[in-house]
Amino acid sequence: MMEQNQHLSKTAEAQHSEKRKTRNYCNGFKMFLAALSLSFISKTLSAIIMKGSITQIERRFDISSSTVGLIDGSFEMGNLLVILFVSYFGAKLHRPKLIGIGCFVMGIGSILTALPHFFMGYYRYSKDTPINPSENSTSSLSTCLINQNLLLNRTSLEIVGKGWEKESGSHMWIYILLGNMLRGIGETPITPLGISYIDDFAKEGHSSFYLGNLFAVTMIGPIIGFLLVSLFSKMYVDIGYVDLSTIRITPKDSRWVGAWWLGFLVAGLISIISSIPFFFLPKNLDKPRKEEKASVSLPVQNEEKSQMAHLTKQGQNVSETVAGFFQSLKNILTNPLYVITLFLTLLQASSHIGIITYVFKYVEQQYGQSASETSILFGFITIPTFASGVFTGGYIIKKFKFTLVGIAKFSFCSHMLSFLFHLLNFALICENKSVAGLTLTYDGNNPVASHINVPLSYCNSGCNCDQSQWEPLCGDNGITYISPCLAGCKSSSGSKKSVMFHNCSCVEVNGFQSRNNSMKLGECPKNDQCTRKFYVYIVVQIFIFFSSALGSTSNIMLVFKNVEPELKSLAMGFHSLTIRTLGGIPAPIYFGALIDRACMKWSVNNYGKQGSCRIYNSTLYGNTFFGLTTGLKLPALVLYVVLISVMKKKYQGKGIKASENERKSLNEANLEPLSSDARVDRETHI
């Protein structure tokens, strides 16, 4: 009886211990899932803020689009620096702590990106802007004074010259590059280690459900990102430091710079906060009781023997691993289906990266929208459209149970549809603005063949104007003039944003010169036809985003389903490495370099060097931007045709359907077939 009671008590203790372990496991896993969700939100938030702030950074630091492209590509550079280390050692080390360190580094990178704002002087959007913008800045605007003394210009240049070392045009943008690179380093371990941790410790068959929830929650990041970019873009860059009533430019001005640095501070703080829980999580969550019993029952002597055997064979295993790696790499690179898929996805990714990087800038320049309006607009149309496209694509593949050839055909059709919608963008390019001195002669009467070195006209030749200045005015004739001086304006009245210029000799209304003609600061707005094109452009983008997202799931499936099951991880890893190296880094740079060629008027920084672009040739910008993306998308479609042809020959020649071959591969890898709901759902989330 006594022995029976002892046995019952031991059983009760064991059950209580098992319940405690199960409770700890559940709490630890939930904590990890919550922390990982926050880290995913923070990394997508940071990415949107960087993309949305590209134009602001370009103007603030007086740099070209190609230089901004280099800054944007530095994220991928940082990612590549540690991706091999994370891939090899990540699973062997403390994964939660590595993710925590990554989040912390990512946060530091975002904060470093914002730091130059605090070390630079006040932003000066014009040469005539005083060093302290709180002073009356309109009194220094130069008008046309016939035979004016050049000493006046020299004096103003001496005033402007103070504080050069802190102004735009310096090399402070390098800190932005380093901060973005640091952000790329920190982001590297989050996704692979986080997903593998969930897959290892989730209950059997539940990992796809958790991953689906994770990626659904991640969409909060872009939503918050677009809202913050829109909000901060409305705020002047030096908010809190200057009297905003003295700022004479508006958010639609090509020189406007919003409070870009606030977004990076917010993103950095969220990233650092998201890192904290990971440092309190265990390396491994408690295993099920059966596994623990099996491990405990092993004799200590056997464990020591196995460790000794492992040490003696370590050198041999390393050499075998290296040889096996190169052999596996050779296998996937000699697989024609994988190589074709790799090249076509690289072309597609390059076009998408270029579009995402510069689409905000394009809408601002082409349709005259402010950065704030553009951000909120793309936030509303991109996220729901892309999410619905991915879901619809995954559902179609699941519903019709496509073979591999069917998946390739479906991907081709979706991207062909996207390409056809993309071609409509060429018809939605606006005409160039009428700008005296760039598209017209300075008197506004005749068009010019080139915007370079347009000669002065009779109306401003004696004004001794600074032709590098950009202080645009809008005339009653609908023509934009580069500056009050070059418009031949003799006087001004009013102050701050309401300043008016009078007696502008270069302005003619209905073919007659009016001495009493007045002009106001700011470029002339786009015409009504361009505004209508903008609304059509938005609708076209919705169709493009949806059709592109429709084939995104099938693209991923084509990458790893055309290789042997044991090579899937390597195939996906090499694919990611190729896209980052040959797509993520160079695409923003060569897109930016070609966009720079469409610039008609450059700013001149305090060192006398070329700064950022003030106004673009709209037609050339549009044709260059969409021409380059078309040049990347079209060869990808051709490769789709080649891929489908090669796949048909491979599978039909062997008399094996793609679906059967796929099931064989999946069975070898102990995975469910394509028709399985859980497997398709998991791939859809990926």
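Residues numbered from 1 in each chain as written. Predicted model: local features only at pLDDT ≥ 70, side-chain atom pairs only at ≥ 80, totals over all residues. Heavy atoms only, no water.

Labelled according to an unreviewed UniProt entry, the protein appears under the name Solute carrier organic anion transporter family member, originating from Lipotes vexillifer. One UniProt comment on the protein, placed under Sequence similarities (unreviewed entry), says "Belongs to the organo anion transporter (TC 2.A.60) family." Recorded under Subcellular location (unreviewed entry), the UniProt text for the protein is reproduced unchanged: "Cell membrane". (UniProt positions renumbered as here; feature names shortened; annotations may be inferred.)

(A) Summary view of the overall build of the protein. Scanning the protein from N- to C-terminus turns up 24 helices and ten strands. Residues counted as buried form 50% of the 686 residues belonging to the protein. Contacts in the protein between residues at least 24 apart in sequence constitute 78% of all its contacts with a sequence separation of at least 6. In the form shown here, the protein has an accessible surface area of approximately 31,900 Å², with 63% of it arising from carbon and sulfur atoms. (Helix = DSSP H or I, 4+ residues; strand = E, 2+ residues; numbered from the N terminus. Buried < 20%, exposed > 50% of the residue type's maximum accessible area, 1.4 Å probe, protein only. Contact = heavy atoms within 4.5 Å. Areas by Shrake-Rupley, 256 points an atom, 1.4 Å probe, with all protein chains shown as cover.)

(B) A look at the packing of aromatic side chains. Following the criterion strictly, the structure yields 29 aromatic pairs and no others. Judged by centre distance (6.0 Å) and plane angle (45°), the ring pair of Tyr 362 and Tyr 537 falls under tilted. Placement of Tyr 362 in helix H15 (residues 336–367) and of Tyr 537 in helix H18 (residues 528–550) is noted, with a sequence separation of 175 residues between them. As far as burial versus exposure is concerned, Tyr 362 and Tyr 537 are alike and both buried. Within the aromatic cluster, the residues linked to one another by ring pairs are Tyr 362, Tyr 367, Phe 426, Phe 534, Tyr 535, Tyr 537, Tyr 590, Phe 591, Tyr 616, Tyr 621, Phe 625 and Phe 626. A cation sits over an aromatic face here: Lys 43 above Phe 40, 4.9 Å from the ring centre. (Phe/Tyr/Trp six-rings, centres within 6.5 Å; stacked < 30°, edge-to-face > 60°. Lys NZ or Arg CZ within 6 Å of the ring centre and 35° of its normal.)

(C) Molecular detail of helix H16 (residues 371–400). With 30 residues, H16 should cover 44 Å at 1.5 Å per step; its first-to-last C-alpha distance of 43 Å lies within 8% of that length. Where H16 terminates, the next one or two residues include Lys 401, which has phi positive at roughly 50°. (Expected span 1.5 Å × (residues − 1).)

(D) Region of interest: the packing of helix H17 (residues 404–423) against H18. Their axes nearest at 8 Å, the elements H17 and H18 cross at an angle of 165°. Judged by the inter-axis angle, H17 sits roughly antiparallel to H18. The handedness of the crossing between H17 and H18 comes out as left-handed. Across the interface between the two elements, Phe 410, Ser 414, His 415, Leu 417, Ser 418, Phe 421 and His 422 from H17 touch Val 540, Phe 543, Ile 544, Ser 547, Ser 548 and Leu 550 from H18. Grouping the amino acids of the contact of H17 with H18 by side-chain chemistry returns seven nonpolar, six polar and no charged. (Axes fitted to C-alpha atoms, helices over the stretch in contact; angles between N-to-C directions. Parallel < 35°, antiparallel > 145°, perpendicular 65-115°, else oblique. Left-handed = near helix turned anticlockwise from the far one by under 90°. Nonpolar A, V, L, I, M, F, W, Y, C, P; charged D, E, K, R; others polar.)

(E) The arrangement of the pairing of strand E9 (residues 599–604) in detail. In terms of residue burial, E9 counts as a mostly covered element, since five of its six residues are buried. Pairing analysis gives four bridges linking E9 to strand E10 (residues 610–616), with the strands arranged antiparallel. Counted as the bridge partner of Val 604 is Gln 610 from E10. Remark: five residues form the turn of the hairpin made by E9 and E10, two consecutive strands paired antiparallel; Gly 608 in that turn has positive phi of roughly 80°. (Pairing = 2+ DSSP bridges.)

(F) Representation of a nonpolar patch on the surface in the model. Taken together, Met 31, Ile 101, Ile 276, Phe 279 and Phe 280 make up a surface patch of nonpolar side chains, about 500 Å² in accessible area. Along the chain, the position of Phe 279 falls in the loop between helix H11 (260–275) and helix H12 (289–296). (Patch = residues over 30% accessible without salt bridge, like charges linked within 9 Å, V, L, I, M, F, W, Y side chains within 5 Å. Salt bridge = Lys/Arg side-chain N within 4 Å of Asp/Glu carboxyl O.)

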